[in-house]
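Structural description and commentary
The primary structure of each chain is shown beneath.
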Amino acid sequence: MTYSQWQDVLDPDALAVAQQLDELLPGPLYTLGLDGIRTFAAPPPPPRTTQVASVEDRIITWGAEPGNVSVPVRIYQPDSTTRAGALLYIHGGGFTVGSLDGVDELCRIIADEASCVVVSVDYRLAPEHRFPAAITDVRAAYDWLRANADELGVAPSHLAVGGDSAGGGLAASLCLDLRRRGIPQPVMQLLVYPAVDDQFTRPSWIAFKDAPLLDAETAQWFWKQYVGDSPTDLNELAVPMKADTLAGLARAHIATAEVDPLRDDGEAYAAGLHEAGVAVRHQRYTGVFHGFFPEVQTYAKSRRAVLDACESLQLAFRLGPSAPIRHVPSRPHTAAVSGVAEWGGHTA
């Protein structure tokens, strides 16, 4: 489907990007093959327009079965003298592409606007490293963050997790993993159009099967790179929607894009969390497609979505891990949510 067929749906920023994609791509993204996709998706040098106190690249090593795991991370310290908490951020990219550079400016903005430390994690990619390699790396990074929070100037009780697309799915999986291991939940999970199901059957998979950038066939191709052609032992750590219950998980801020095959999966996960008694703030951003969230220099709604997420992070850090929870109803949204103070039953 050409960009012109989305003229009545996409906002001007998204339509301009869709036109560029239409000119650059000969067909669906997956037809480029793995090497072609990685070349296409490789980001330019990060713009670094948002100033923070410091940025440090590290290789952290932490114990995980069957032995220690070494994971590259990038640590952003905000200019603020008071750190509200720390966010472990997990980049997207269909489990096969993506890097620390690709979310560098995004992480800078979150660190600055939410006055928090951001630890961006560079997990191993498929198909060279299939499930469960990515969640193993994310687990190790979070466990390291819990153990070293004091060094970073934050309380171990004030940690959040988040990510976009594949990274959002991994953030959801991490919360399930923490529950399985009896480890306290983060103060919030930030899930941006998360990959949380493997059925590909909800209406958005049909309505937006030819969406710009991430069409339905490309999304399923990415999934096969991650789990293989015939997975037989996938559990909730691969597919969060397979969890027997979503009760007892961290409060959630879930953002979805209107024109996105994954939209209904993310919104179904939001509904499932709510039904399980978890506080959920969900926002659907109209007129944009999958992948918009980190593109803060391209879409006006990207910056709006990031600032909305930072509002939720600020509130979650203030509420802490044991605050009472109360649902904020889902609704389509293009501007800041009014009534965010209701989230958690406290005044912001």
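The coordinates are above.
This one's a predicted model, so the numbers in the text were calculated from it and none came from an experiment. (Residues numbered from 1 in each chain as written. Predicted model: local features only at pLDDT ≥ 70, side-chain atom pairs only at ≥ 80, totals over all residues. Heavy atoms only, no water.)

What about the environment of Lys242?
- Residue position: Lys242 is located in the loop between α7 (216-227) and β7 (252-259).
- For the pair Lys242 and Ile59, spaced 183 residues apart in sequence, the C-alpha to C-alpha distance is 32 Å.
- Among residues more than four places away in sequence, those in contact with Lys242 are Asp198, Leu234 and Glu236. (Helix = DSSP H or I, 4+ residues; strand = E, 2+ residues; numbered from the N terminus. Contact = heavy atoms within 4.5 Å.)

What about the environment of Ala257?
- Relative to the helices and strands, Ala257 is located in strand β7.
- Relative accessible area serves as the criterion here: at 0%, Ala257 is assigned to the buried category.
- Not counting residues within four places of it along the chain, the set of residues in contact with Ala257 comprises Tyr193, Arg263, Arg284, Tyr285, Val288, Phe289, His290 and Phe292. (Buried < 20%, exposed > 50% of the residue type's maximum accessible area, 1.4 Å probe, protein only.)

As for helix α8 (residues 263-275)
- Under the 1.5 Å per step criterion, the end-to-end length of α8 is 19 Å for 13 residues, consistent within 8% with the ideal 18 Å.
- All buried positions along α8 are accounted for by Arg263, Asp264, Asp265, Gly266, Glu267, Tyr269, Ala270, Gly272 and Leu273.
- Check the buried side of α8 and you find it contacts α5 (166-180), β6 (188-192), α6 (203-207), β7 and β8 (280-289).
- Among the residues trailing α8, Gly277 stands out with phi positive, at a value near 90°. (Expected span 1.5 Å × (residues − 1).)

Quick word on the nonpolar core
- In terms of nonpolar packing, the biggest core is built from 116 residues, with Leu88, Tyr89, Ile110 and Tyr269 touching the most fellow members.
- It is helix α4 (residues 133-152) that provides the largest number of residues to this core, a total of ten residues. (Core = buried A, V, L, I, M, F, W, Y, C linked by side-chain atoms within 4.5 Å.)

On their own, these measurements won't tell you what the molecule is for.
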